[in-house]
Each structure stands twice: as C-alpha cells, then as structure tokens.
Amino acid sequence: MADRAALDFGGLAVRDLVIAPGASPITQAIAPGEIVGLAGLDGHGQELFLKMLAGLEPPHGGSIELGSSDASRKITGFRKAVASGIAYLPRDRRANGIFPTQSVLDNFAVSTLSRDTRLGLISPSARKARYDFYREKLSIVAPRPDAPITTLSGGNQQKVLLARALALEPAILLLNDPTRGVDVATRHVLYDVFRGLASDGMGLVILSSEIEEILLLCQRVLVFRENEVAAEISGDALTTDSVISAMFGRAA
Amino acid sequence: MNPVARLLSLGRNFGFAVVLLVVLLAINLILSPGRFQPGSWGALVGLAAPLIGAAIASTPVILAGRGGIDISVGPLMGFVNALTIQVLFLGTGISSPPVLVPAALLVGALVGAANGFLATIVRIQPIVATLGTYLILTGVTLTILPAPIGPAPAWLKALSGPLSMLPLAAMFIVWWLVRRTPYYDQLMAVGSDDRAAYTAGVDVTRVRFIAYIMTGILGGCAGLMLTALIGSADPNIGPTYTLIAIAAVALGGVSLAGGRGGVAGAAIGAIDIFLLQSVLTTFNVSTFVLQIAYGAILVLAVMLTALQERLAMGRR
C-alpha cells in the first residue's frame, strides 16, 4: 500500500480527501525527496488541495497524515501542521506574506522566534547567524538586514519568505506558486534550491500556473479539474500536451 | 546629508514629534527659564508623568493593529486612583507600597483582560468594547467615590516630586525587556499584517489579548502616577486623559493602523503636548484655546508624517 509506505518513510499520506462537496475523494502519498506538481486551470481545486495539506482549509472528508519514525500525526489545523513539520509558502506575498513595516530580519524570523532566545530574551546575534545561513543558501541580495523588507526586489522578498519557511526545518514544504512575479535569474536559483531540498530528503508540493516550471521540476504531476484529480502524470508521459489536455478535460 | 534630509530621517522614526519637542523646549526655556531649573525637574516630570504614562499605556493595543485601541485607559486611571485611596488606603488603612502597587497593577491587568476578552475573543470592535468599559469604569468610580477625597500616602506623593522619574523609568525598562522577547516581534508582525502573521504561524488572538493586558497593567501604573500628582482621589480627572493620550500617541508617530512606532514615540508625543500646554499657559491662554492648539498641532504633525512617508515611497 503506497500510503502505508509513505508513512513509514515520514511522508505525507492523503486518504480519501474530499476538497469540495460532491467531488470524488483523493488518495495520494507524497514521499520524502519527491517533488510533486499541482496543475490545473485557476480555481479547479489545486489551491484548495494545497491549503488543506497546510491545514488552512478544513477538508470535507478524509484525512491527512504526516508520518515520522516514531508516530504519525493527523493534520487537523494549521498550527498542528506547522508543529508536525509542514511549512507553507503563501501565494500572494504582498497580501499574505511580508510584513511591510518590518525589517528583513524580522520578516525572516517571525515563524521561529523562540529559537533565538537566551533566558527568554532574543539574542540578536543568534538571529543574525541563523539568517546568514539561509541568506547564503538562497543567495538573498539584501545589503542591510535591518532595512524594511519593502526595500528588496520582489524576488528577494520571496527568498526571505522561503527562508522563513525553511527555518522551520520542515519535512514537507508546500509552495503556492512560488515564482509568481519573480525574475528569470532568481527563478533558476529557486529551482536549484528546490532540487537541493528534495535531494536532502524533503518532500515538496509545488502549485504552479506555469506548465514549463512543473515539467522542469517535478517527477509527478497531479492535474486538477472540477475539484478532482483528473489525471496523475509521471515519467515519459509528462509533457506539455498531456498536462494541458488533462487541464481542459480531454483525453490525453 | 543636508538639513532637510536629516529632518526627514528623524521624522521617519518619530513623526515630527522630535522636531516639535526641540522647538517647544527652546521656546519654554526662553519664556520661563525658572520653571526649567534643574531643581524643579522632579516636579516638572511629575506633572507630565500621568499623560506620558497614559500615552505609553495606550500604545501596545494600537501597535497590535486592526483597529486596536483602548479608550478606557483614562477611566482605568481614575478607577485605580479611587480604589487605592478610597478603598485601600482610607478604607482598610493599608499604605505599604508592596501592597498598593501590585494591587493597582493587578486591577489594571484584570480590566485589560476584560477588554482583551471582548475585543479579541468575543470580537466586538475594540472602540465599542472599550467604550463600554469606559462607561462602566466611570460609573463604578463615581459610585465608590462620589466626591474628591484625600490625602494620599506620603511615599506616593513623593513619586510626583523628587522621585517622579521612578515609575516612568520602570515603564521604560519593562518595555525595553518586552522589546527583546519573541512576543514583541509577534506583536509588530500582527500589527503590520495579521493575515500574513497567521500564515507565518503566529497566534494572532493570543498576541492581541496579551496586548490588552499590557495596556491594562501600564494603565494601572499611570493611575498611580495620577494619584501621586493630585495627592488625593478625584473621580473626574481620569477620563480626561483618554483622548489626549491617543493624540499624544498619534503625534509620536505610532500608526493607528498598527505595526509602526513604539513607546518612545508615544512618550515624546506626550511630552510635546505637555510642553505646548506649558507655553500656552505662560501666555495665560484659556483652556479652550489650548484644545484648539492640541487639535491643530495633531493634524499638522500627522499630515507632515504622511507627506514625508509619501515622499519616501515616491523616491523608491
């Protein structure tokens, strides 16, 4: 059984998940080290599916479980998801991601504040050291980490948000259209980072509105149509034509 | 850096409150040098302390954003004032600081928790929730203390004279510690954008609830400062601090939309208002004109801050 195996390896198991009333249930397993793509025309359920994995939307049925070596944990809400090791990078960074009045450092650290404390108080040097690690890893271009995040380019803001999610050291990383509004050079940096994370054993789920991006990154793609998985495509069958046909509900 | 740019960069942190502070201080020193002798600093600070305290107390909930405001800070000060003098000091004869101070802070914390419960858990709009508390506290204060009564314990009166820096210093130290806790970053994140804060894993409701409790505790402390200054209990003075404290906070560059500014700015805004009052009273101006001046300065300062921000945005 695929999902059983995923649990043993520490993957994410989705069982009979219903994302909209009346839609047929989805059963999937996302294994560590795998990059799974989500595609579909806008509003056909792929975003809803991703948000349910993140615990941000309640499912209409079924369950989501994150396996680990000791015990598996059911994802019942966003906080539970974060605590279990699922990180989510939101889509619209201006509305849901950045804190425009706060510095780059503060924006980076907000999800993992307690990791920098010494006797209950924050140690700025510990935070800076942690930030520097991710700045290097993601090659963030930010001359001054104490400047407001709005002084950075869109791509670098996105990298800071990715650093924030990675700082949680998640087992599963959910990316909601991560390269939207990001320049081409930065995109390729991000692609390399995603591949590196996967080869280090992280499971990645990427929703993208660009098919080329999915073809470039993913081994396996779930194509959504009318809140159901219309097709699961992998290996040699994974081509622009096959994904587009599935998106429009035509037989590939 | 040319002088204009320097002025603008100062303004970025505290609005134009700092510039105003320097100008008003200079005018005060020229007009009434005697009042600003080092020997009278204690009394001077004591005179300004309740307003500074009220402004500092109003700050945390405003920083927490989404319309967060506590207009019950003034009545809370009056309630603490009445409670410590009428009930505790005169009623039961307790006068020791280790009892009265924690009692005042506890009352503040409880009122803050009630406001926080209404505004963040029941989710009544903060201005309406705290308006309710405003009216309740004003009424309760008048019930337990229909008319002014005195005196206050001697140690408390000393806190508006030679030792007037003590409660203010305590407030600043507490805030300085809060600034270094993870909570502060969460507070600013929530104030800056609560949806983003939620997506980043911050417990938005908890952060806002704690902000109301902090406002309550600081408000309790401001109530003690008020008691120290008037050296008695008066049911009518407390509520007058609410609006002027919010004016001070806005003047000090704290955005009422949340996530921007801090306690230092609020304190500077309060000192501005105090100094303005001081200048106008040396000219024997009536209190009505004083009100007009507060309003005009407030609108002007907020406009200049907004203008400066727009210029800064335009340059980018």
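Reading the values: rules and limits
- Residues numbered from 1 in each chain as written.
- Chains lettered and ligands numbered in written order.
- Predicted model: local features only at pLDDT ≥ 70, side-chain atom pairs only at ≥ 80, totals over all residues.
- Helix = DSSP H or I, 4+ residues; strand = E, 2+ residues; numbered from the N terminus.
- Rg over C-alpha atoms; globule rule 2.2 N^0.38 Å.
- Buried ≥ 20, exposed ≤ 12 C-beta atoms within 10 Å, placed from the backbone.
- Contact = placed C-beta atoms within 7 Å.
- Pairing = 2+ DSSP bridges.
- Core = buried A, V, L, I, M, F, W, Y, C linked by C-beta atoms within 7 Å.
- Axes fitted to C-alpha atoms, helices over the stretch in contact; angles between N-to-C directions.
- Nonpolar A, V, L, I, M, F, W, Y, C, P; charged D, E, K, R; others polar.
- Parallel < 35°, antiparallel > 145°, perpendicular 65-115°, else oblique.
- Left-handed = near helix turned anticlockwise from the far one by under 90°.

**Concerning the overall build of chain B**
Logical step 1: Check the secondary structure of chain B and you find 14 helices and zero strands.
Logical step 2: Each helix and strand of chain B, ordered N terminal to C terminal, gives the series α-α-α-α-α-α-α-α-α-α-α-α-α-α.
Logical step 3: A compact globule built from 316 residues would reach a C-alpha radius of gyration of about 20 Å, and chain B, at 19 Å, matches this within 12%.
Logical step 4: Out of the 316 residues belonging to chain B, those deemed buried represent 51%.
Logical step 5: Sequence separation of 24 or more characterises 80% of the internal contacts of chain B that already satisfy a separation of 6 or more.

**Observations concerning the overall build of chain A**
Logical step 1: Helix and strand content of chain A: ten helices and twelve strands.
Logical step 2: Relative to the 2.2 N^0.38 estimate, which gives 18 Å for 252 residues, the radius of gyration of chain A is 18 Å and therefore close to what a compact globule would have.
Logical step 3: For chain A, the spread of C-alpha atoms along the principal axes amounts to about 55 × 40 × 30 Å.
Logical step 4: Per-residue burial for chain A yields a buried fraction of 45% across its 252 residues.
Logical step 5: Partitioning the intrachain contacts of chain A with sequence separation of at least 6 by distance along the chain shows that 65% fall at a separation of at least 24.

**Comments concerning the sheet that holds strand β1 (residues 12-18) of chain A**
Residue and element names in this part refer to chain A.
Logical step 1: Sheet architecture is open: four strands sit in the order β2-β1-β4-β5, paired in antiparallel fashion. If you trace the sheet from one side to the other, it starts and ends with β2 (26-30) and β5 (73-74), each paired once.
Logical step 2: Note that strand β4 (residues 61-66) and β5 share two bridges and pair antiparallel. What sits directly across from E65, in β5, is K74.

**Side note on the pairing of strand β11 (residues 220-225) of chain A**
Along any regular strand, the residues point their side chains to alternate faces of the sheet.
All names here are of chain A.
Logical step 1: Summarising the sheet, strand β3 (residues 35-40) and β11 pair through five bridges and their orientation is parallel. Bridging across to β11, G37 finds its partner in V221.
Logical step 2: Bridge count between β11 and strand β12 (residues 228-234): six bridges; the pairing is antiparallel. Among the inter-strand pairings, F224 is bridged to a residue of β12, identified as V229.
Logical step 3: What sits between the antiparallel neighbours β11 and β12 is a turn of two residues, in which E226 has the positive phi angle 50°.

**Focus on unusual backbone geometry**
Logical step 1: Look at the link from G150 of chain B to P151 of chain B: it is a cis peptide, with omega at -5°.
Logical step 2: Structurally, P151 of chain B can be placed in the loop between α6 (126-144) and α7 (154-158).
Logical step 3: The phi angle at E226 of chain A is positive, at roughly 50°, despite the residue not being glycine.
Logical step 4: In this structure, E226 of chain A sits in the loop between β11 and β12.
Logical step 5: Not every positive phi belongs to a glycine, and N284 of chain B is a case in point at roughly 55°.

**Here's the deal with the nonpolar core**
Logical step 1: Residues I86 and L174 of chain A together with L51, A55 and A248 of chain B are the most contacted members of the largest nonpolar core, which totals 167 residues.
Logical step 2: Sort the elements by how many residues they give to this core and helix α11 (residues 204-230) of chain B lands first, with 16 residues.

**A look at the sheet that holds strand β9 (residues 172-176) of chain A**
Residue and element names in this part refer to chain A.
Logical step 1: Taken in spatial order, the six strands of this open sheet run β6-β9-β10-β3-β11-β12, and their pairing is mixed. Edge strands, defined here as strands with exactly one partner in the open sheet, are β6 (86-89) and β12. Put simply, the sheet's adjacent strands are angled 20° from each other on average, direction ignored.
Logical step 2: Bridge count between β9 and strand β10 (residues 203-207): five bridges; the pairing is parallel. Among the inter-strand pairings, I172 is bridged to a residue of β10, identified as G203.

**Some thoughts on the environment of V223 of chain A**
Residues and elements named next belong to chain A.
Logical step 1: Assignment of secondary structure puts V223 in strand β11.
Logical step 2: As a C-alpha pair, V223 and I244 span 21 residues in sequence and 8.8 Å in three-dimensional space.
Logical step 3: Residues within four places of V223 in sequence aside, it is in contact with A39, G40, A230, A231, I233, V243, A246 and M247.

**Quick word on the interface of chain A and chain B**
Logical step 1: Taken residue by residue, the interface counts 23 residues in chain A and 17 residues in chain B.
Logical step 2: Every element with two or more residues in the side of chain A that touches chain B is listed here: α3 (78-84), α4 (93-97), α5 (104-109) and β8 (121-122) of chain A.
Logical step 3: Broken down by element, the side of chain A that touches chain B gets its largest block of residues, three residues, from α4 of chain A.
Logical step 4: Of the residues that constitute the side of chain A that touches chain B, the class distribution is twelve nonpolar, eight polar and three charged.

**Remarks on the pairing of β1 of chain A**
Logical step 1: Where β1 of chain A lies against β2 of chain A, four bridges are found, and the strand directions are antiparallel. Each residue of the ladder has a partner; that of L12 of chain A, found in β2 of chain A, is I30 of chain A.

**Considerations on helix α9 (residues 182-192) of chain B**
Logical step 1: In terms of burial, α9 of chain B is a largely internal element, nine of the eleven residues being buried.
Logical step 2: The complete set of buried residues in α9 of chain B reads Y184, D185, Q186, L187, M188, A189, V190, G191 and S192 of chain B.
Logical step 3: On its buried face, α9 of chain B sits against α5 of chain A together with α3 (41-63), α8 (165-179), α10 (194-199) and α11 of chain B.

**What about the packing of α3 of chain B against α8 of chain B?**
Residue and element names in this part refer to chain B.
Logical step 1: Between α3 and α8, whose axes approach to 9 Å, the crossing angle comes to 25°. Here α8 runs roughly parallel to α3, going by the angle between their axes. Classified by chirality, the crossing of α8 by α3 is left-handed. On the side of α3, the interface is formed by V45, A49, I52, G53 and I56, while α8 contributes M165, P167, L168 and M171.
Logical step 2: Tallied by class, residues from the contact of α3 with α8 come to eight nonpolar, one polar and no charged.

What is shown is where atoms sit, not what they do.
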